[in-house]
Amino acid sequence: MKPAPFRYHRARDVEGATTLLAELGADAKVIAGGQSLVAMMNFRLARPRHLVDIGGLRALDHLGTGADGALRIGALTTHHTVETASDARLGTGFAVLRAAMGWIGHLPIRTRGTVGGSIAHADATAEWCLLAVALDAEFVALGPRGERRIPAAGFFLGPYISALDHDEILVEIVFPRPAPYAALTEFAERRGDFAIVSAAVDLDVEGTAVRGGRVALGGVAPVPVRVPEAAEVLAGGGSFADCAEAAAAAVDPPDDANGSASYRQHLVRTLVRRACEEAMVR
């Protein structure tokens, strides 16, 4: 199919883009790489009357760590840029981000798709959304009322629904601390497809002992979720298998065409344990 009629607007700067969005109202959508929105428009699952193109705003394409050790990623940075970033540029302790990029679609998608676009799209199975929740990321949004910082834990409100106002643009993603013992893994019917279930862990390691950590899941709820029950098992000295079992018991995943609730719980057990083991190897 072809998209419904729309008007195209090209932004010259971030302020101009937010002004346009405020003027055009809720019928306007931001487009950057277009890897999610264009597909939805072609199937007429999305019918914006206006598109505001921010793809040319090079100020939003950056990647690097600051003196505080936080990693800052511009919203227009592509997945492939992260995938190919050197250790010097990505920073010590953020290798999990580079490794996770291999799960995103295929190379042409990773070359065009943007980090900010994936997060703003708010797909519960998207790798960036899960990483942000697992690693306590913070999002910087800019709108007519100024800058707003939104923690990942409160950003995803439902399927394809985020805390961004209609006249705000996501401009930067901040990962506040290194995560040297973190990993993401997932299962899909075919490589490059959307994940049926995905799991990310961020372990607190002292010597060779796990003292705690964070566990997050995608594909088991309308938004990516943290699983405190699994984290408590890690903090209590439980095994990775016990952690995985606690994660599976804590979620109530949906039944749909991709799998039953019990099948998804089985995947949770497998993927959480695998992610923990991969994190320790890293």
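I will try to describe carefully the structure that is included in this document. (Residues numbered from 1 in each chain as written. Predicted model: local features only at pLDDT ≥ 70, side-chain atom pairs only at ≥ 80, totals over all residues. Heavy atoms only, no water.)

Here's the deal with the side chain of Arg110
Turning to its location among the elements, Arg110 is positioned in helix H6 (residues 107-112). For Arg110, a relative accessible area of 10% translates into the label buried. Of the polar contacts made by the side chain of Arg110, one reaches the backbone oxygen of Ile104; its length is 3.1 Å. Not counting residues within four places of it along the chain, the set of residues in contact with Arg110 comprises Thr78, His79, His80, Glu83, Met101, Gly102, Ile104 and Gly105. (Helix = DSSP H or I, 4+ residues; strand = E, 2+ residues; numbered from the N terminus. Buried < 20%, exposed > 50% of the residue type's maximum accessible area, 1.4 Å probe, protein only. Polar contact = N/O pair within 3.5 Å; in protein donor to acceptor, adjacent residues only side chain to side chain. Contact = heavy atoms within 4.5 Å.)

Comments concerning the pairing of strand S7 (residues 146-151)
Alignment of strand S6 (residues 138-143) against S7, held across 6 bridges, turns out to be antiparallel. Paired with Val140 across the two strands is Arg149, which belongs to S7. Hairpin remark: S6 followed by S7, antiparallel, with 2 residues in the connecting loop. (Pairing = 2+ DSSP bridges.)

Considerations on unusual backbone geometry
A positive phi is found at Asp136, a non-glycine position, where the angle reads about 60°. Of note, Asp136 is situated in the loop between helix H8 (127-134) and S6. Of note, the phi angle at Tyr160 is positive, near 60°, even though the residue is not glycine. As for its position among the elements, Tyr160 is in the loop between strand S8 (156-158) and strand S9 (161-162).

Thoughts on helix H9 (residues 228-235)
Taken as a whole, H9 has its buried residues at Ala230, Ala231 and Leu234. What you see down the axis of H9 is that its buried residues fit within an arc of 100°, all on one side. Facing away from the buried side of H9, by more than 90 degrees, are the exposed residues Glu232 and Ala235. Contact partners of the buried residues in H9: strand S12 (197-206), strand S13 (209-218) and helix H10 (240-250). Positive phi appears at Gly237, one or two residues downstream of H9, with a value of about 85°. (Arc of directions from axis to C-beta.)

A look at H10
Inspection of H10 places Cys243, Ala244, Ala246, Ala247 and Ala248 among the buried residues, and these make up the whole buried set. The inward-facing, buried residues of H10 contact S13, H9 and helix H11 (261-281).

A short note on the sheet that holds strand S4 (residues 63-65)
In space, the 5 strands of this open sheet follow the order S4-S5-S10-S6-S7, with antiparallel pairing throughout. Only two strands of the sheet have a single neighbouring strand rather than two, namely S4 and S7. Strand-to-strand twist across the sheet, computed as the mean angle between neighbouring axes with direction ignored, equals 20°. Strands S6 and strand S10 (169-175) of the sheet are contacted by helix H1 (residues 14-24), whose axis makes an angle of about 125° with S10. (Axes fitted to C-alpha atoms, helices over the stretch in contact; angles between N-to-C directions.)

Here's the deal with the sheet that holds strand S14 (residues 225-226)
Taking strand neighbours across the sheet as the criterion, the 4 strands line up as S11-S12-S13-S14 in an open arrangement whose pairing is antiparallel. Taken across any chain shown, the strands that pair with only one partner, and hence form the sheet edges, are strand S11 (182-187) and S14. Judged from the 6 bridges that link them, S11 and S12 form a sheet pairing that is antiparallel. Residue Ala182 lies in a different strand from S12, and its bridge partner there is Asp202. Across the sheet, H9 is in contact with S12, S13 and S14; its angle to S13 comes to roughly 165°. Contacts from H11 reach S11, S12 and S13 within the one sheet, and its direction differs from that of S12 by about 35°.

So, the pattern of salt bridges
By the definition in use, this model includes 21 salt bridges. With a closest N to O distance of 2.9 Å, Arg145 and Asp167 form a salt bridge. Of this pair, Arg145 sits in the loop between S6 and S7 while Asp167 sits in the loop between S9 and S10; the two residues are 22 residues apart in sequence, bridging distant segments of the chain. Given a relative accessible area of 57%, Arg145 falls into the exposed group. Classification of Asp167 as buried rests on a relative accessible area of 6%. Residue Arg190 pairs with Asp193 through a salt bridge whose shortest N-O separation is 3.0 Å. Judged by relative accessible area, Arg190 falls into the exposed class, the value being 57%. Connected through shared salt-bridge partners, Asp136, Arg177, Asp202, Asp204, Arg214 and Arg226 make up one network. (Salt bridge = Lys/Arg side-chain N within 4 Å of Asp/Glu carboxyl O.)

Concerning the nonpolar core
Residues Leu97, Ile119, Trp128, Phe139, Phe156 and Phe175 are the most contacted members of the largest nonpolar core, which totals 42 residues. Taken together, the elements giving at least two residues each to this core come down to strand S5 (71-74), helix H5 (95-100), helix H7 (115-121), H8, S6, S10 and S11. Broken down by element, this core gets its largest block of residues, 7 residues, from H8. With sequence-adjacent residues up to four places away left out, Phe175 is seen in contact with Ala70, Leu71, Ile73, Phe94, Leu97, Trp128, Leu131, Ala132, Leu135 and Ala137. Formed by 25 residues, the second largest nonpolar core is a distinct cluster that contains Val201, Val215, Leu217 and Ala279. (Core = buried A, V, L, I, M, F, W, Y, C linked by side-chain atoms within 4.5 Å.)

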